[in-house]
Amino acid sequence: TPVVKREDYAAPAFLVDSVDLCFDLDPAKTRVLNKMRLRRNPAVAAQPLRLDGEDLNLARVLVNGEGSSFKLEGKQLVLEKLPEGEEPFELEIFTTCAPAKNSKLMGLYVSQGTFFTQCEAEGFRRITYFLDRPDVMASYQVTLRADKAAYPVLLSNGNLVEQGDLDDGRHYARWVDPHKKPCYLFALVAGQLVAREQRIRSRSGGEHLLQVYVRPGDLDKTEHAMNSLMASIAWDEARFGLPLDLERFMIVATSDFNMGAMENKGLNIFNTKYVLANPATATDADYAGIESVVGHEYFHNWTGNRVTCRDWFQLSLKEGLTVFRDQEFSMDMAGSVSARAVKRIEDVRVLRSAQFPEDAGPMAHPVRPDQYAEINNFYTVTIYEKGSEVVRMQQTLVGREGFARGMKLYFERHDGQAVTCDDFAQAIADANPDSELARLLPQFKRWYSQAGTPRLHASGYFDAEARRYTLTLGQSCPATPGQPSKKAFVIPVALGLLDAQGREIEGSARTVVLSETSQTVVFEGIDAAPVPSILRGFSAPVILEHDSSDAELLTLLAHDSDPFNRWEAGQRLALRRALAAVQSADAVHQPLDAAYLDAMRAILRAPELDAAFKELVLTLPGEGYIAEQLDEVDPQRIHAVREAMREQLAHALQEDWIQAFEAHQDNGAFRPDPVSSGRRALAGLALNMLCLAARENGNPVWPGKALQRFKDAGNMTDRVNALSALVGSGSALAQPALERFHALFKGEELVLDKWFALQAGAPDRGGNILPLVKQLMQHPDFHLRNPNRARSLIFSYCNANPGAFHRVDAAGYRFWSERVLEIDAFNPQVAARLARALDRWKKLAEPYRSAAREAIARVAAKADLSNDVREVVTRALA
Ligand code: HT7
Ligand code: ZN
């Protein structure tokens, strides 16, 4: 497969001033008339015009109104004889495409009778021939024509300037976007939709119309999305001084979408999962997801749309920055210090359980990659989540106000431009010339160029006589594909010292900027050996290696003023026990000791701690995270150990779980705020634990209570928690409850996704999950072509249920390879995501390792594989 290299970037030979698109929408054959005004780029030597196109039928090409010669070279349309000189010229291209046959969901497609587009990264070329690259920004006018009864709503970017009826029951709408944009931000929607509307006046006095479009019948599920949009607008103005620059801002929901949502200018298109919610159908996690994705797409309006990427290697310029912004938004919305910490812990959990493995595996790449075969494979946790951490470190190094100043300078310099990650970091540094970031900028930027998760080594030495504590910090970073050795990073390490009683030692808290391979930090006037709290708030995306004793970790867990490190101490204690049990030669038996269980009991009982925080502390590190700590992974053993730990926690703390469950019942109206959702989360965990304990002792009381709660629940969070307590503990009541759940939510697509996911992700008892997944594939509600449904069943099994997926008989891997190939035939992007499930196969113990390699080789052996899947499996086998 040919690769695209960052070093090969060249400015476009032609610039597009304006685009006038006219669509005659028809599912079988849509006609697209594209009239462009182009001119040669004076900065680039004369060369033919090469336009990208894919799956298009070309009917006509006119230059300045006259027929013109052209060539089709591969997928490109090449025009050699164009007017010389710098004068603009008109290029008219007439093509057709077949939206109803578009199963890739890229370009123009039909979902449940409605037309949608998805153009990022390279989907616009599936609509018309174009210079499909983000550094070509143009003004767009769009005319949509369609049957009025079938497609009463016709939407595109910008402002509606004209609409009316045509002959034969057709109608039209004309939209003009006042802002120049790259073609990946183009969008259209046409279909039977209804909108929740809201008029707002912004801080600066501008009037705006906000609309959330959904299918008729879904309007009662749009309130939270609209509230989230209004909150996002207010937040961006208050925190960064960035106003809404459009009269009209629209969100449209579709059930068929490859990703979460898309930030098309003024016309965001969303997966229904991130729009629709009411208390009966959506969980607290769904509500939080909607707030963060609505925020994310809205924040792109500045970070991505007003200032966009020069090329796709700079993707993190917009994605890392926008994730950072949505994380900060959710934290600010959460309010209290504790709720902010809960959000931070959740974000770090995602980073460590998904991005760290990516950075250690065959798909490892820098935040600004150097090459790709398929850009769609690079919408990764590295670009998004690690990219966000890289922005966060910049904020840490210049301070919150300094960062806001840097953002201001970034927009002053680059509004309306397509720029690079270098431009961003330069603006933040230039606005803060006296900062550590400015001093160390070239070195700091290694975070963009070097892949891999750095290790932060810490060791302390206490000199009682000198009353001095010396902390030595060192760093190293493992090799990654194509990068055998790494240079030192700039690592901001927030830290502080506690005394033996757990009190913060005054004046000890600071942020040390580690830029050498080793540095020492000296604390004078220390009376007794302190307990260091290192990497507070997870101040850098690194793996901390520090030999803390259990006693030190218990002190941190009980007393640290930094909630993140309090939680982290609990995770380390659990991890230590999990690893000891996994690595021991003995049969798995009660991996937890009294010290750990007592500490957890104390947390559960602590009156000053919030329920949400308790739930996080009492949740054990995931199986994937445990696996990452090991050189050789036996997924079954890890699963058995973690299950044994859960059962022990369930038994040992039974009285406290009962207390926690009973003390966290809310009967009032459902509100998805951090306090109430935290209470539901803890009650849910408690119920889970109580059902697990009941499994051992055969006591039917708690499964019975769980069933009752499942039936009576006033909201989806409580209902699904009760159901998963029954399913997770293998209760006999699980099956009837699942049937009831299905009957209750028959027409609710997003709830049915939960139903499939819950079953595919259930603990495997005797190898029963794979046959169940296969059986569920035959269920009338299962549709492989719908990405949400495919994810809910197939991905939940292959990616999120290691104990069931990694089977000694290799049947899980066979199933995986069959599904990758089956999906690749119609939707390569989704197939390539699934293909990543075996990324870490080289770490597996036998017999898993050989079987996994064989399964990957089986996929790679297929001749007509997509670029997407080909890149993933080739890297995996390298
Ligand atoms: N910027 C959006 C990326 C996206 C996307 C990329 C490839 C294929 C389909 C896609 N749908 C959305 C999403 C975002 O980060 O906001
Ligand atoms: Zn984004």
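Only a predicted model underlies this, so the values are computations on that prediction, with no experimental measurement involved.

Following the UniProt record, one finds the feature "domain: Aminopeptidase N-like N-terminal" (unreviewed entry) at residues 78-185. Counting secondary structure, residues 78-185 comes out at 0% helix and 48% strand; the distance between its end C-alpha atoms is 24 Å.

Turning next to the site of ligand 1. Near ligand 1 you find 15 residues, and of these Glu-120, Asn-258, Met-259, Met-262 and Tyr-379 are the closest. Every element with two or more residues in the shell around ligand 1 is listed here: strand 21 (261-262) and helix 2 (284-299). Looking at the shell around ligand 1 residue by residue, the classes come out as five nonpolar, six polar and four charged.

Moving on: the sheet that holds strand 30 (residues 518-524). The sheet built from four strands is open, its strands ordered 30-27-26-32 with mixed pairing. At either margin of the open sheet sits one strand with a lone partner, and together these are strand 30 and strand 32 (543-546). Direction aside, the axes of adjacent strands within the sheet are offset by 20 degrees on average. Examined bridge by bridge, strand 27 (residues 468-476) and strand 30 share seven bridges and lie antiparallel to one another. Within strand 30, the residue paired with Gly-474 across the bridge is Ser-518.

A few words on the domain arrangement of the chain. Domain boundaries assigned for the chain yield domain 1 (309-449), domain 2 (455-547) and domain 3 (745-878). Look at where the C-alpha atoms of domain 2 and domain 3 centre, and you get two points 41 Å apart.

We now examine the sheet that holds strand 7 (residues 71-73). The strand order across the open sheet built from three strands is 4-8-7, with neighbouring strands paired in antiparallel fashion. A strand with exactly one partner marks an edge of an open sheet, and here the two such strands are strand 4 (49-52) and strand 7. Within the sheet, the average angular offset between the axes of one strand and its neighbour, ignoring direction, is 30 degrees. Where strand 7 meets strand 8 (residues 76-79), three bridges bridge the pair, whose relative direction is antiparallel. Residue pairing in the sheet places Glu-73 in a bridge with Gln-76 of strand 8.

We now examine unusual backbone geometry. Cis geometry is adopted by the peptide bond preceding Ala-121, which originates at Glu-120 and carries an omega value of -5 degrees. Relative to the elements of secondary structure, Ala-121 occurs in the loop between strand 11 (114-118) and strand 12 (137-147). The omega angle of the peptide bond from Glu-846 to Pro-847 is 5 degrees, so this bond is cis rather than trans. As for its placement among the helices and strands, Pro-847 is situated in the loop between helix 26 (828-835) and helix 27 (848-860).

A word on the UniProt feature "domain: Peptidase M1 alanyl aminopeptidase Ig-like fold" (unreviewed entry) in the chain. Within this numbering scheme, the UniProt entry marks residues 452-546 as carrying the feature "domain: Peptidase M1 alanyl aminopeptidase Ig-like fold" (unreviewed entry). A distance of 19 Å separates the end C-alpha atoms of residues 452-546, which is 0% helix and 48% strand.

Parameters at a glance
- Residues numbered from 1 in each chain as written.
- Chains lettered and ligands numbered in written order.
- Predicted model: local features only at pLDDT ≥ 70, side-chain atom pairs only at ≥ 80, totals over all residues.
- UniProt positions renumbered as here; feature names shortened; annotations may be inferred.
- Helix = DSSP H or I, 4+ residues; strand = E, 2+ residues; numbered from the N terminus.
- Near = placed C-beta within 6 Å.
- Nonpolar A, V, L, I, M, F, W, Y, C, P; charged D, E, K, R; others polar.
- Pairing = 2+ DSSP bridges.
- Axes fitted to C-alpha atoms, helices over the stretch in contact; angles between N-to-C directions.
- Domains from an automatic or database assignment.

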